[in-house]
Amino acid sequence: RQSFMLVAEDRPGLMVEVVAVVRECGLEFQRFSAEPCGDCLCIMVAAVQTDCALRFGSLMHNLRYRSEPLLLQRIPTELTGEALDQWTNELPEPVPMMLNDSPVWSWKKEATDLVTQVTA
């Protein structure tokens, strides 16, 4: 099982597009959440069942290409303690302008909490 977090400009059809990409890659959802997060942004968090890292890598590539996210990251559910805190506080380089004043660390924490409920 692998998980990802996607932050993109909210637009009609975005969620349908993400679901279509996951299905086209032959993966099944274990958990999916999508919420608006102010300033015309949408955050999606998903846990998918996958049989290999290559298939998940292909999914991430296709999501980046098709949905044009501001932020797309694998959620490292294997991390704990300080390593997880470090990942939560890391920002992508370069930070997209639309995310400059956004609470990315908070989104990452909520995303991690959401997907670890599935794996527990």
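Every chain begins its residue count from 1, and numbering advances along the sequence as written. Residue-level local features of this predicted model are given only where pLDDT is at least 70; pairs of side-chain atoms are given and counted only at 80 or more, and the full residue set underlies all totals for whole chains, interfaces and linings. Values reported for side chains reflect all heavy atoms of the structure, with hydrogen atoms and water molecules removed beforehand.

(A) Region of the structure containing the overall build of the chain. Helical segments are the DSSP runs of H or I of at least four residues, strand segments are the runs of E of at least two, and each set is numbered from the N terminus. When you go through the chain residue by residue, the secondary structure sums to four helices and four strands. Each helix (α) and strand (β) of the chain, taken in turn from the N terminus, gives the series β-α-β-β-α-β-α-α. Dimensions along the principal axes, computed over C-alpha positions, put the chain at roughly 35 × 35 × 25 Å. Relative accessibility under 20% of the residue-type maximum defines a buried residue, over 50% an exposed one, and the middle range a partly exposed one, all with a 1.4 Å probe and only protein chains included. Buried positions account for 41% of the 120 residues belonging to the chain. A fraction of 67% describes how many contacts in the chain between residues 6 or more apart in sequence connect residues 24 or more apart. Contacts: residue pairs with any heavy atoms within 4.5 Å of one another.

(B) Geometry of the nonpolar core. One finds Phe4, Leu6, Val18, Val48, Leu59 and Leu63 to be the most contacted residues of the largest nonpolar core, which totals 18 residues. Only strand 1 (2–9), helix 1 (14–24), strand 3 (41–49) and helix 2 (53–67) provide two or more residues apiece to this core. Ignoring any residue separated from it by four or fewer positions in sequence, one finds Leu63 in contact with Phe4, Leu6, Val18, Val21, Glu68, Pro69 and Leu72. Counting residues in each nonpolar core, the second largest holds 17 residues, with Cys37, Val45, Ala47 and Ile75 among its members. What is meant by a nonpolar core is a set of buried Ala, Val, Leu, Ile, Met, Phe, Trp, Tyr and Cys residues, joined one to another through side-chain atoms within 4.5 Å.

(C) Spatial organisation of helix 3 (residues 81–89). When we look at burial in helix 3, the residues that qualify are Leu84, Trp87 and Thr88. Taken around the axis of helix 3, the buried residues stretch over an arc of 100°, which confines them to a single face. Every exposed residue of helix 3 that faces more than 90 degrees away from the buried side is listed here: Glu82, Gln86 and Asn89. Our arc is simply the arc of the directions from the helix axis toward the C-beta atoms.

(D) Highlighting the packing of aromatic side chains. When the centres of two rings from Phe, Tyr and Trp lie within 6.5 Å, Trp using its six-membered ring, the rings pair. Their planes under 30 degrees apart give stacked, over 60 give edge-to-face, and anything left gives tilted. The final tally for this structure, using the stated rule, is one aromatic pair. When the ring of Phe29 is compared with that of Phe32, the centres are 5.1 Å apart and the planes differ by 65°; the resulting orientation is edge-to-face. With a relative accessible area of 27%, Phe32 lands in the partly exposed category. Geometrically, a lysine NZ or arginine CZ counts as sitting over a ring once it is within 6 Å of the ring centre and also within 35 degrees of the ring normal. The side chain of Lys108 reaches across the aromatic face of Trp87, ending 4.3 Å from its centre.

(E) Fine view of the pairing of strand 2 (residues 28–36). What makes two strands pair is DSSP finding at least two bridges between them. Examined bridge by bridge, strand 2 and strand 3 share eight bridges and lie antiparallel to one another. Paired with Arg31 across the strands is Ala47, a residue of strand 3. Between the end of strand 2 and the start of strand 3, which pair antiparallel, lie four residues, with Gly38 showing a positive phi angle near 70°.

(F) Up close: the side chain of Thr50. For Thr50, the position within the fold is in the loop between strand 3 and helix 2. Classification of Thr50 by relative accessible area gives buried; the value is 14%. Polar contacts here mean pairs of N or O atoms no more than 3.5 Å apart (in protein, one a potential hydrogen donor and the other a potential acceptor; neighbouring residues in sequence count only if both atoms are side-chain atoms). Among the polar contacts listed, one links the side chain of Thr50 to the backbone oxygen of Cys52, at a separation of 3.1 Å. Leave out the neighbours within four places in its chain, and Thr50 touches Arg1, Gln2, Leu27, Arg55 and Phe56.

(G) Just the sheet that holds strand 3, in detail. The four strands are arranged 2-3-1-4 in an open sheet whose pairing can be described as antiparallel. On the outer flanks of this sheet lie strand 2 and strand 4 (71–74), each paired with one strand and no other. Adjacent strand axes in the sheet meet at a mean angle of 10° when their direction is disregarded. Sheet topology places strand 1 next to strand 4; four bridges connect them, and they run antiparallel. Paired with Leu6 across the strands is Leu72, a residue of strand 4. Sheet strands in contact with helix 2 are strand 1, strand 3 and strand 4, and its direction is about 5° off that of strand 1. Only the stretch in contact is used when fitting a helix axis, every axis being a line fitted to C-alpha atoms; angles between N-to-C directions are given from 0 to 180 degrees.

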